[in-house]
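Survey of secondary and tertiary structure
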Amino acid sequence: MGFLLSLFFGVVPMLLFAFLIYQIDRFEKEPVKLLVVVFGWGALVAAGGAFFLNTLFNAGIFMATGSEAASSVATGSVIAPLVEESLKGFAVLMVFIFYHREFDSILDGIIYAAVTALGFAATENTFYIYHYGFQQGGYAGLFNLVFVRVILVGWQHPFYTAFTGIGLASARLRRDRFKGFLFAVLGLSLAMAAHSLHNTLAEILTGGIGMFATTAVDWTGWFFMLLFILWAIRRDQTYVQRYLADEVALGT
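Below or above, wherever it landed, is the structure these notes cover. (Residues numbered from 1 in each chain as written. Predicted model: local features only at pLDDT ≥ 70, side-chain atom pairs only at ≥ 80, totals over all residues. Heavy atoms only, no water.)

**Remarks on the overall build of the protein**
Each helix and strand in the protein was counted, giving eight helices and zero strands. Reading the protein from its N terminus to its C terminus gives the helix and strand order α-α-α-α-α-α-α-α. For a compact globule of 252 residues, the expected C-alpha radius of gyration is about 18 Å, and the protein comes in at 19 Å, within 12% of that figure. Over its C-alpha atoms, taken along the principal directions, the protein stretches across nearly 65 × 40 × 30 Å. Counting the 252 residues in the protein, one finds 45% classified as buried. Sequence-distant contacts in the protein: of pairs separated by 6 or more residues, those separated by 24 or more amount to 80%. (Helix = DSSP H or I, 4+ residues; strand = E, 2+ residues; numbered from the N terminus. Rg over C-alpha atoms; globule rule 2.2 N^0.38 Å. Buried < 20%, exposed > 50% of the residue type's maximum accessible area, 1.4 Å probe, protein only. Contact = heavy atoms within 4.5 Å.)

In structure tokens:
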């Protein structure tokens with residue numbers, strides 16, 4: 001029963017979050033099948049690959065240093081952001097390459113990136129809620145981890161990976177390939193940096209202070225990302241009104 005509850009609270013809220021992300025594009029919905037694929041990539045390939053690689057590197061660092069603290073900090077602050085954002089970003093890159101026509105605005109980049117990241121979060125949340133919540137603290141621990149993973153940090157992975165989507169979308173909208181490449185690299189770098197900042201704060205600040213600090217930083221970042229998304233929606237609306245007035249009038 002504990003595992004089923006962990007699975008439910010790990011996956012269902014992330015599916016609801018993905019539905020909300022899907023709804024923000026009012027003018028050109030992304031193909032549902034494609035969103036299901038990237039969600040599945042995040043949940044299975046990215047999450048599974050990250051668990052394997054993070055564990056492998058963590059063990060290697062521990063063997064090299066003999067310090068559990070050093071391996072924990074290095075894995076959380078450096079390895080996990082690099083590995084996880086690369087694996088999540090790969091799905092967004094594949095959409096960018098093979099479904100070019102479905103990737104034609106900043107908002108599209110955010111949507112594909114966020115849905116991929118929510119798939120990743122669904123698997124990670126299930127593991128955390130069951131292993132660190134139910135197995136270590138029973139049902140009280142389970143619901144405590146549900147509060148932390150869904151309410152406090154529920155949007156962390158979509159926030160990080162959104163930068164990768166923005167970078168690739170910016171590259172898509174530029175004719176200069178070199179500048180486009182720089183935007184893509186910058187987006188991935190920002191995703192890794194934001195992820196690393198959260199993990200580092202969680203590592204060095206413990207207890208109530210750590211939770212307050214990470215929550216304050218996370219929610220501040222999410223607030224500004226929300227403002228950016230609202231700008232992107234308004235931008236798409238302006239383009240529709242300016243360049244597609246005849247198509248709108250015809251109901252196309």
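**Looking at the packing of helix α1 (residues 2-23) against helix α2 (residues 32-65)**
Contact pair α1 / α2: the axes reach a minimum separation of 12 Å and the direction vectors enclose 140°. With respect to each other, α1 and α2 are oriented oblique. In terms of crossing hand, the pair formed by α1 and α2 is right-handed. Contacts between α1 and α2 involve Met 14, Leu 15, Ala 18 and Tyr 22 from the former and Val 32, Leu 35 and Phe 39 from the latter. (Axes fitted to C-alpha atoms, helices over the stretch in contact; angles between N-to-C directions. Parallel < 35°, antiparallel > 145°, perpendicular 65-115°, else oblique. Left-handed = near helix turned anticlockwise from the far one by under 90°.)

**Overview of helix α4 (residues 106-152)**
If you check α4, its first and last C-alpha atoms are just 26 Å apart, much less than what 47 residues at 1.5 Å a residue would give, namely 69 Å. The principal kink in α4, of about 155°, is found at Gly 137. (Expected span 1.5 Å × (residues − 1). Bend = angle between axes of the 7 residues up to and from the residue.)

**Some details on the pattern of salt bridges**
One pass over the full model with this rule turns up two salt bridges. Ionic pairing is found between Arg 149 and Glu 124, a salt bridge with its closest N-O pair at 2.6 Å. (Salt bridge = Lys/Arg side-chain N within 4 Å of Asp/Glu carboxyl O.)

**Here we look at the environment of Ala 114**
Take Ala 114: it is sitting in helix α4. Accessibility expressed as a relative area gives 3% for Ala 114, which makes it buried. Between the C-alpha atom of Ala 114 and that of Phe 17, which follows or precedes it by 97 residues, the distance is 9.2 Å. Not counting residues within four places of it along the chain, the set of residues in contact with Ala 114 comprises Ile 21 and Pro 158.

**Considerations on the layout of surface pockets**
The computed volume of the largest pocket comes to approximately 1,400 Å³. In terms of lining residues, the largest pocket is bounded by 42 residues, among which Glu 124, Tyr 128, Tyr 132, Arg 149 and Glu 203 are the most central. Only α2, α3 (68-98), α4, α5 (156-172), α6 (177-204) and α7 (207-243) provide two or more residues apiece to the lining of the largest pocket. At 12 residues, the largest contribution of residues to the lining of the largest pocket is made by α4. (1 Å grid on protein atoms, 1.4 Å probe; cavity = no way out; pocket = protein on both sides within 12 Å on 5 of 7 lines; lining within 4 Å. Points joined across faces, edges and corners; volume = space filled by probe spheres on them.)

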